[in-house]
Amino acid sequence: MSVDPAPRPIAVRPATPADAAAIAEIYRPYVEGGTVSFELTAPDTATIGTRMAASGGLYPWLVVTEGPEGPVRGYAYASAFRDRPAYRYTVETSVYLETGTQGRGNGRHLYDALIDTLRAQGFTQALSVISLPNEHSIRLHESVGFRRAGVLREVGYKEGRWIDVGLWQCELNDATLPPLEPKPFSETGMVWNW
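Source: prediction; values computed, not measured.

1. A few points about helix H1 (residues 20–32)
Part 1 of the argument: In this model, H1 (13 residues) spans 18 Å end to end at C-alpha, consistent with the 18 Å of a helix rising 1.5 Å per residue.
Part 2 of the argument: A maximum bend of about 25° is found in H1 at Ile26, where proline Pro29 lies one to four positions downstream.
Part 3 of the argument: When H1 is considered as a whole, its buried residues turn out to be Ala20, Ala22, Ile23, Ala24, Ile26, Tyr27, Tyr30 and Val31.

2. As for the sheet that holds strand S1 (residues 10–14)
Strands in a sheet are paired, the pairing made by backbone hydrogen bonds, and the direction either parallel or antiparallel.
Part 1 of the argument: What the seven strands build is an open sheet, ordered S1-S2-S3-S4-S5-S7-S6; its pairing is mixed. Single-partner strands in this sheet number two, and they are S1 and strand S6 (147–158). Across this sheet, the average inter-strand angle for adjacent strands is 25°, counted without regard to direction.
Part 2 of the argument: As judged from the three bridges shared by strand S4 (residues 90–97) and strand S5 (residues 125–131), these two strands associate in the parallel manner. Following the sheet pairing, Glu92 is matched in S5 by Leu127.
Part 3 of the argument: In this fold H1 packs onto strand S2 (61–66), strand S3 (72–80), S4 and S6, with an angle of close to 80° to the strand it touches most, S3.
Part 4 of the argument: In this fold helix H3 (residues 106–121) packs onto S1, S2, S3, S4, S5 and strand S7 (161–171), with an angle of close to 160° to the strand it touches most, S4.

Reading the values: rules and limits
- Residues numbered from 1 in each chain as written.
- Predicted model: local features only at pLDDT ≥ 70, side-chain atom pairs only at ≥ 80, totals over all residues.
- Heavy atoms only, no water.
- Helix = DSSP H or I, 4+ residues; strand = E, 2+ residues; numbered from the N terminus.
- Expected span 1.5 Å × (residues − 1).
- Bend = angle between axes of the 7 residues up to and from the residue.
- Buried < 20%, exposed > 50% of the residue type's maximum accessible area, 1.4 Å probe, protein only.
- Pairing = 2+ DSSP bridges.
- Axes fitted to C-alpha atoms, helices over the stretch in contact; angles between N-to-C directions.
- Contact = heavy atoms within 4.5 Å.

In structure tokens, the structure reads:
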């Protein structure tokens, strides 16, 4: 993908199945050329579409575009933190930007919209796993309210070396007793208090 040197105003919207090809293309360099992702083979459009559908309407997938109808320049999503039912109030989040579009506010806008949406849904905690070192990602996460929760040493092996990952945590809502069930994204839609 070529990147327009004079970007238009951005828009954030819910991702649709039609965005799967753009998402796969944005994600591919992170898999093939570094240690940001621990996947070894870049998923194709169909695999991304399957992952999006697997959210079952509960977890949001968002994209940032140049203008309301412009090309997709990045995406963010939430997924289950772990499979066991007691974890259902916590999500894991990820954000990826098209190569060459970093530093334009796209990541911040995506994360602001994602966090606002997750709060409206009623999730209590968001976690992000960041391969280390990655100062750009750490700054982005901390700018939207994530705080360092710990480090797991040498848990991933890629590109001929062992890689540490850091855990960052963001409180979304108070943990009430009894807890309220999170609302599906398909019911709340995207919320962005911009």
